[in-house]
Amino acid sequence: MPKRAPRLHLSAEYHDGQLERVEFGPRREMILSVQLDPVWNGGSDAVRRLRFAAIRNYAQVKAFFGGRSLAAEEDRFLDEIIAIVRPSETVIGIDFARRGYVELEGAKVFEL
């Protein structure tokens, strides 16, 4: 992850969030389902969905996750989110505790 990349401004704080599901769509899109950490979200541990659309490097991002949609088994999670950042105006970066860091080029993000 870039050292000084600012965090992406979202309505929830995804730091320490538990990744439960990764879905890939037909229009170069990816949806992450994340259980929020209540410490950073006023006591809420709700599951929130982030939709990333129009990902220019879609094939690379999909390969980062093993080339397919993933779902956690019951009472488990796929990974933990360290940070979601914006290293440049056209890039969103996501840093995971186990998988590492991935950049989504040209993506737009929507909280569902």
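See the structure printed just above.
Read on for an overview of the structure. (Residues numbered from 1 in each chain as written. Predicted model: local features only at pLDDT ≥ 70, side-chain atom pairs only at ≥ 80, totals over all residues. Heavy atoms only, no water.)

## Remarks on the pattern of salt bridges
Under the counting rule described, the total for this entry stands at five salt bridges. A salt bridge links Glu23 to Arg49, with the nearest nitrogen and oxygen atoms 3.4 Å apart. You can see Glu23 sitting in strand β1 (residues 18-25) and its partner Arg49 sitting in strand β3 (residues 47-53), a full 26 residues away along the chain. A salt bridge links Arg99 to Asp79, with the shortest nitrogen-to-oxygen separation between them at 3.9 Å. Of this pair, Arg99 sits in the loop between β6 (91-96) and β7 (100-105) while Asp79 sits in strand β5 (residues 79-88), placing them 20 residues apart in sequence. Accessibility expressed as a relative area gives 0% for Asp79, which makes it buried. (Salt bridge = Lys/Arg side-chain N within 4 Å of Asp/Glu carboxyl O. Helix = DSSP H or I, 4+ residues; strand = E, 2+ residues; numbered from the N terminus. Buried < 20%, exposed > 50% of the residue type's maximum accessible area, 1.4 Å probe, protein only.)

## A look at unusual backbone geometry
Here the phi dihedral of Asp16 falls at roughly 70°; this positive angle occurs in a residue that is not glycine. Checked against the element boundaries, Asp16 lands in the segment before β1. With phi around 60°, Ala54 is a residue other than glycine that occupies positive phi space. Tracing the backbone shows Ala54 in the loop between β3 and α1 (58-64).

## Remarks on the nonpolar core
If you look at the biggest cluster of nonpolar residues, it comprises 26 residues, and the most contacted ones within it are Val22, Met30, Leu32, Phe52, Phe65, Ile94 and Leu104. Secondary-structure elements contributing two or more residues to this core are β1, β2 (29-35), β3, α1, β5, β6 and β7. Every residue in contact with Ile94, bar those within four places of it in the chain, is listed here: Met30, Leu32, Phe52, Ala83, Ile84, Gly100, Tyr101, Val102 and Leu104. (Core = buried A, V, L, I, M, F, W, Y, C linked by side-chain atoms within 4.5 Å. Contact = heavy atoms within 4.5 Å.)

## As for the pairing of β1
Pairing geometry for β1 and β2, over seven bridges, is antiparallel. Residue pairing in the sheet places Val22 in a bridge with Leu32 of β2. Taking the residues between adjacent antiparallel strands as the criterion, β1 and β2 are bridged by three residues, where Arg28 takes a positive phi near 50°. Bridge analysis of β1 against β5 gives two bridges, and the strand direction is antiparallel. Bridging across to β5, Leu19 finds its partner in Asp79. Two elements, β1 and strand β4 (residues 70-71), share two bridges in a ladder whose sense is antiparallel. Opposite Arg21, over in β4, you have Ala71 as the bridge partner. (Pairing = 2+ DSSP bridges.)

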